[in-house]
Amino acid sequence: MIVLQDDHLEFRFPEVHAKARCSISFMRTLRLPDDNRSYPLPPGLGDFPLRHVDDFGTTVPPAWKRHGGVFLPMYQAEAMWIDFNGSYPMALKIAAGKVCALTGEAWSSELVAEPQNYLVVPDQPWLDGFCIGQDLIRQFVAMPLGEGYSVEEQLTGEARHGGLQILAYPMKVDVYKARFEQPKLQRLYSPMAGVAYAPPEMGLAPGGLMRQEVYEDDYGLEAWDTSTSSRCFVHILNSVQYRTVTGNNPPSAPPSAVDYAEAGLPWFEYYASDLAALSGAASLAGLDSVAAKKIKKGEGELEANEPVQPEKIIKLQDGQVREGEF
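Quick summary incoming for the structure in this document. Please read these numbers as outputs of a predicted model, since none were measured by experiment.

1. Quick notes on unusual backbone geometry
Negative phi characterises most residues that are not glycine, and trans characterises most peptide bonds. Omega for the bond connecting E114 with P115 falls within 30 degrees of zero, at -5 degrees, which places this linkage in the cis form. Cis geometry marks the peptide bond from V121 to P122, where omega comes out at 15 degrees. Looking at where P122 falls in the secondary structure, it is placed in the loop between β10 (119-121) and β11 (126-127). Despite not being glycine, D6 has its phi angle at roughly 55 degrees, a positive value. In this structure, D6 sits in the loop between β1 (2-5) and β2 (8-12). Judged by relative accessible area, which is 69%, D6 ranks as exposed. Its identity is not glycine, yet D7 carries a phi of approximately 65 degrees, on the positive side. Positionally, D7 belongs in the loop between β1 and β2.

Here's what the structure looks like:
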């Protein structure tokens, strides 16, 4: 089952093991300069607020009732990263607009080893974007569906789904016990009747380049209990639509990368030396970033896209939290 608690999604599998839990939060962050230079990890600027779709049944689009799940607000061209916490190993599938964020392939519930279409928690502490190389991702950046920016539209030619899709499989209990429980061997709105509802969905497009590894599964496919799973659809609204649906204001707009760098605040680097990294997806690597797509569409240059030179870079240890200003 999935529980929404303090703006975190918690996947729980008590039928498998009392410790089979994984908490997922969606972190506000700096949008990296989209200039084909790779940057270190930006900080977390606080959690995006998450709301139950079912709590706003009269104001959300009818299709959302079929999807269920939760929703969050993002400004156009705002960036996010996904934070994972939990000690019980889980295999997580992450898709944007039903396109796998690791392989660029169409969504399926199946776990595949080659190319690996899932990540493993807690080995993978976070995911900042689409995996395009062995130590490179393109940042998750929110853009309206229907304008050609999203990964979904660039790969499928359609703007049907938007949002994020998450599917979790716990480790088999016998594998967990053998590996980890043996003797020591070793994260007021009232709808306006008769008014046409504008399509509220936002999709995730590829943004700036970041140095980040997505790690190979060190346990193997046979370790995962594919007979037990939970999944959640995370819808994304822009700031105006969030206010319309909920009656509440979204968080204030995040600072630019230039503002952050000029303040001398820290950036981060993280590598797990004992884990191998995925090679990335050629299909994702070949997509247009938001800045490139704007120029190609004749819409001019992306605002607040000046390059920066991070000076304070902190190398994180395993399990260490990325901090920021919020």
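Next, the rest of the story.
2. Overview of the pattern of salt bridges
Within this structure, the stated rule accounts for 13 salt bridges. Measuring nitrogen to oxygen at the nearest pair gives 3.7 Å for the salt bridge that ties D34 to R138. Residue D34 is located in the loop between β3 (21-29) and β4 (38-39), and its partner R138 is located in strand β13 (residues 136-144); the two are separated by 104 residues in the primary sequence. The two residues D34 and R138 agree in class, both being buried. Of the charged contacts in the structure, one is a salt bridge between K172 and E222, with a shortest N-O distance of 3.9 Å.

3. Thoughts on the packing of aromatic side chains
All told, the structure shown has twelve aromatic pairs when counted by the stated rule. Measuring from ring centre to ring centre gives 6.1 Å for F71 and Y242, while their planes differ by 65 degrees; the resulting arrangement is edge-to-face. When its relative accessible area of 0% is taken as the criterion, F71 is described as buried. Measuring from ring centre to ring centre gives 5.7 Å for Y219 and W224, while their planes differ by 90 degrees; the resulting arrangement is edge-to-face. Aromatic ring contacts, followed pair by pair, group Y88, Y176, F180, Y219 and W224 into a single cluster. Over the ring of W107 we find K93; its NZ or CZ atom is 5.5 Å from the centre of that ring.

4. Section: helix α4 (residues 239-246)
For an α-helix, the turn length of 3.6 residues means that residues three or four places apart are oriented alike. Along α4, the residues that are buried comprise S239, Q241, Y242, V245 and T246. Projected onto a plane normal to the axis of α4, the buried residues spread over an arc of 160 degrees and lie on a single side. On its buried face, α4 sits against β5 (51-52), β6 (70-73) and β16 (230-237). N-capping of α4 is provided by N238, with a side-chain oxygen placed 3.1 Å from the backbone N of V240. Looking one or two residues past α4, G247 carries a phi angle of roughly 80 degrees, positive in sign.

5. Overview of the side chain of D34
Classification of D34 by relative accessible area gives buried; the value is 9%. Looking at D34, its side chain comes within polar contact range of the main-chain nitrogen of A291, at 2.8 Å. For D34, the residues in contact, after removing those within four places along its chain, are R138, G207, G208, S289, V290, A291, A292, L302 and N305.

6. Looking at the nonpolar core
The biggest cluster of nonpolar side chains holds 81 residues, and the ones touching the most others in it are I24 and F26. Ranked by size, the runner-up nonpolar core spans nine residues in total, among them A77, Y149, V290 and L302.

7. Here's the deal with the state of the cysteines
Per the counting criterion, the structure on display carries zero disulfides. Here C131 stays free of any disulfide, with the sulfur of C100 as its closest cysteine sulfur at 9.2 Å. Using a relative accessible area of 1% as the deciding quantity, one classes C131 as buried. Of all cysteine sulfurs, the one in C22 lies closest to C232, which takes part in no disulfide; the gap is 12 Å. When its relative accessible area of 7% is taken as the criterion, C232 is described as buried.

8. Description of the pairing of β6
Residues V70 and L72 of β6 are buried on one face, and the alternating residues F71 and P73, pointing to the opposite face, are buried as well. Bridge analysis of β6 against β16 gives four bridges, and the strand direction is parallel. Residue pairing in the sheet places V70 in a bridge with V234 of β16.

9. Describing the environment of E303
Structurally, E303 can be placed in the loop between α7 (290-296) and β18 (313-315). In this structure, the C-alpha to C-alpha distance between E303 and Y270, residues 33 residues apart in sequence, is 29 Å.

10. Notes on the side chain of Q124
Tracing the chain through its elements places Q124 in the loop between β10 and β11. On the basis of relative accessibility, which here comes to 2%, the residue Q124 falls in the buried class. Residue contacts for Q124: discarding those within four places in its chain leaves F84, L119, E213, V214 and Y215.

About the thresholds
- Residues numbered from 1 in each chain as written.
- Predicted model: local features only at pLDDT ≥ 70, side-chain atom pairs only at ≥ 80, totals over all residues.
- Heavy atoms only, no water.
- Helix = DSSP H or I, 4+ residues; strand = E, 2+ residues; numbered from the N terminus.
- Buried < 20%, exposed > 50% of the residue type's maximum accessible area, 1.4 Å probe, protein only.
- Salt bridge = Lys/Arg side-chain N within 4 Å of Asp/Glu carboxyl O.
- Phe/Tyr/Trp six-rings, centres within 6.5 Å; stacked < 30°, edge-to-face > 60°.
- Lys NZ or Arg CZ within 6 Å of the ring centre and 35° of its normal.
- Arc of directions from axis to C-beta.
- Contact = heavy atoms within 4.5 Å.
- Polar contact = N/O pair within 3.5 Å; in protein donor to acceptor, adjacent residues only side chain to side chain.
- Core = buried A, V, L, I, M, F, W, Y, C linked by side-chain atoms within 4.5 Å.
- Disulfide = S-S within 2.5 Å.
- Pairing = 2+ DSSP bridges.

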